[in-house]
Amino acid sequence: MVGAQEQGLKLLVPRSGVSIYAIRVQMALAMKGLAYDYLPEDPRCKSDLLLASNPVHKTLPVLIHSGRPVCESLIIVEYLDDAFPGNGASILPADPYRRAVARFWAAYVDNKMFPSCIGILNTANQQERADKVEETLAAFGLLEAALAECSKEGEAEAPFFGGGSIGFLDIALGCYIPWFEAIGRLAGVPPFLDAARTPKLAAWAGRFSAAKPFIALLTAVDKVEEYITKVLYPKWNVAVTASN
Ligand SMILES: N[C@@H](CCC(=O)N[C@@H](CS)C(=O)NCC(=O)O)C(=O)O
């Protein structure tokens, strides 16, 4: 492990400890064996350091490397891979086409799949909820097919999106695992990562969740559930009851 002082790395994160995007960056830092100063922030009362470091989006996480800020979690993961090429295995695939495919699906998970999934908890009635669940299941189905394609190594299918070991798309998606489970529970639907419907993704999630050092970084599902019901959607139960 390379010391935080030596590398001058600071990570600004939401203090809730459940941030998908912060955990994604922590996963990349762990893969690279990099120590860092962990700086929890209150997203409702943004510090001068956060506002100066990410004046455009004002969001967390922000990585500060030797005084220079890098924003947006996926960009931070790529930056760590570029800035510390000698530390651990590469996070992104070496092949340019595979890199492009991994980036494509990572953006899909952030911009399409997760918004659809969390959107289930923002529906006004049963029909809207059923439609959103269907849309989400279709989004998982597309990723199931992508997993088979991305992880192909020769004839055999590799265990991870990154091939034989965890890579960019694995950590881009892996940080969502407890959230998918929590949302499924709250919505009262069968798990999205279901062995019958998406067997490859379900098996992948099991492998990813058991892999060191990721086990320690994945948020407990109960904690995510509590955060969703107390902070994100405090009206969720009321809305469902009213529409039932
Ligand atoms: N696309 C961004 C999303 C970051 C994001 O939404 N961060 C949340 C915390 S998990 C945040 O800072 N929210 C406060 C705000 O939007 O003002 C990334 O990947 O870093």
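Residues numbered from 1 in each chain as written. Predicted model: local features only at pLDDT ≥ 70, side-chain atom pairs only at ≥ 80, totals over all residues. Heavy atoms only, no water.

**Section: the domain arrangement of the chain**
Alright, step 1. When the domains of the chain are assigned, the result is domain 1 (4–83) and domain 2 (96–243).
Alright, step 2. Each of domain 1 and domain 2 was reduced to a C-alpha centroid, and the two centroids are 23 Å apart.
Alright, step 3. At the interface, 16 residues of domain 1 touch 22 residues of domain 2.
Alright, step 4. Its largest share of buried area at the contact with domain 2, domain 1 owes to V18, I20 and M27, together 36% of the area lost on that side.
Alright, step 5. Inspection of the domain 1/domain 2 interface yields two salt bridges.
Alright, step 6. Where domain 1 packs against domain 2, one counts four residue pairs in polar contact (both at pLDDT 80 or more). (Domains from an automatic or database assignment. Contact = heavy atoms within 4.5 Å. Buried area = accessible area lost by both parts, 1.4 Å probe. Salt bridge = Lys/Arg side-chain N within 4 Å of Asp/Glu carboxyl O. Polar contact = N/O pair within 3.5 Å; in protein donor to acceptor, adjacent residues only side chain to side chain.)

**Focus on the sheet that holds strand β2 (residues 37–41)**
Alright, step 1. Ordered by their spatial adjacency, four strands build an open sheet running β2-β1-β3-β4, and the pairing between neighbours is mixed. Every interior strand has two partners, whereas the edge strands, β2 and β4 (68–71), have only one. Each neighbouring strand pair of the sheet contributes to a mean axis angle of 25°, computed without reference to strand direction.
Alright, step 2. Strand direction decides the pairing type here: strand β1 (residues 9–14) and strand β3 (residues 62–65), joined by four bridges, are antiparallel. By the bridge assignment for β3, L9 is matched with H65.
Alright, step 3. Lying over the sheet, helix α2 (residues 20–31) contacts β1 and β2, oriented at roughly 155° with respect to β1. (Pairing = 2+ DSSP bridges. Helix = DSSP H or I, 4+ residues; strand = E, 2+ residues; numbered from the N terminus. Axes fitted to C-alpha atoms, helices over the stretch in contact; angles between N-to-C directions.)

**Let's talk about the site of the ligand**
Alright, step 1. As a matter of local geometry, the ligand sits amid P14, S19, Y21, K46, T59, L60, P61, E72 and S73.
Alright, step 2. A distance of 2.8 Å separates a nitrogen atom of the ligand from a polar atom in the side chain of E72.
Alright, step 3. Separating an oxygen atom of the ligand from a side-chain N or O atom of S73 is a distance of 2.6 Å.
Alright, step 4. About the coverage of the ligand: the protein hides 67% of its 510 Å² of free accessible area.
Alright, step 5. Looking at side-chain class alone, the shell around the ligand contains four nonpolar, three polar and two charged residues. (Near = heavy atom within 4 Å. Areas by Shrake-Rupley, 256 points an atom, 1.4 Å probe, with all protein chains shown as cover. Nonpolar A, V, L, I, M, F, W, Y, C, P; charged D, E, K, R; others polar.)

**What about the packing of helix α6 (residues 126–150) against helix α9 (residues 199–210)?**
Alright, step 1. It is at 8 Å that the axes of α6 and α9 come closest, and there the two elements cross at 75°. The angle between the axes of α6 and α9 places the two elements in the roughly perpendicular class. Together, F140, L143, E144, L147 and A148 of α6 and P199, K200, L201 and W204 of α9 make up the contact between the two elements.
Alright, step 2. A class-by-class count of the residues in the contact of α6 with α9 yields seven nonpolar, no polar and two charged. (Parallel < 35°, antiparallel > 145°, perpendicular 65-115°, else oblique.)

**Things to note about the nonpolar core**
Alright, step 1. Membership of the largest hydrophobic core comes to 70 residues, with the highest contact counts inside it found for L143, I171 and W204.
Alright, step 2. The element contributing the most residues to this core is helix α5 (residues 96–119), with nine residues.
Alright, step 3. Residues from two domains meet in this core; each of domain 1 (4–83) and domain 2 (96–243) gives at least three.
Alright, step 4. Setting aside residues up to four positions removed in sequence, W204 forms contacts with L147, P159, F160, F161, D170, L173, G174 and I177. (Core = buried A, V, L, I, M, F, W, Y, C linked by side-chain atoms within 4.5 Å. Buried < 20%, exposed > 50% of the residue type's maximum accessible area, 1.4 Å probe, protein only.)

**Quick look at helix α11 (residues 221–232)**
Alright, step 1. Taken as a whole, α11 has its buried residues at V221, V224, E225 and I228. All buried residues of α11 lie within an arc of 100° about the axis, which places them on one face of the element. In α11, the exposed positions that point more than 90 degrees away from the buried face belong to D222 and K230.
Alright, step 2. Those residues of α11 that are buried lie in contact with α8 (177–187). (Arc of directions from axis to C-beta.)

**Structural notes on the packing of aromatic side chains**
Alright, step 1. Following the criterion strictly, the structure yields 13 aromatic pairs and no others.
Alright, step 2. Ring geometry for F114 and F180: centres 6.5 Å apart, planes at 55°, overall tilted. Taken as a pair, F114 in helix α5 and F180 in helix α8 lie far apart in primary sequence, 66 residues in all.
Alright, step 3. Of the aromatic side chains, those joined through ring pairs into one cluster are Y21, F114, F140, Y176, W179, F180, F192 and Y227. (Phe/Tyr/Trp six-rings, centres within 6.5 Å; stacked < 30°, edge-to-face > 60°.)

**Examining the side chain of H65**
Alright, step 1. Inspection of the secondary structure assignment puts H65 in strand β3.
Alright, step 2. On the basis of relative accessible area, H65 is assigned to the buried category, the value being 13%.
Alright, step 3. Within the structure, H65 has its side chain in polar contact with the side chain of Y79 (distance 2.6 Å).
Alright, step 4. Once you skip the residues sitting within four places of it in the chain, H65 turns out to touch Q7, G8, L9, Y79, A83 and F84.

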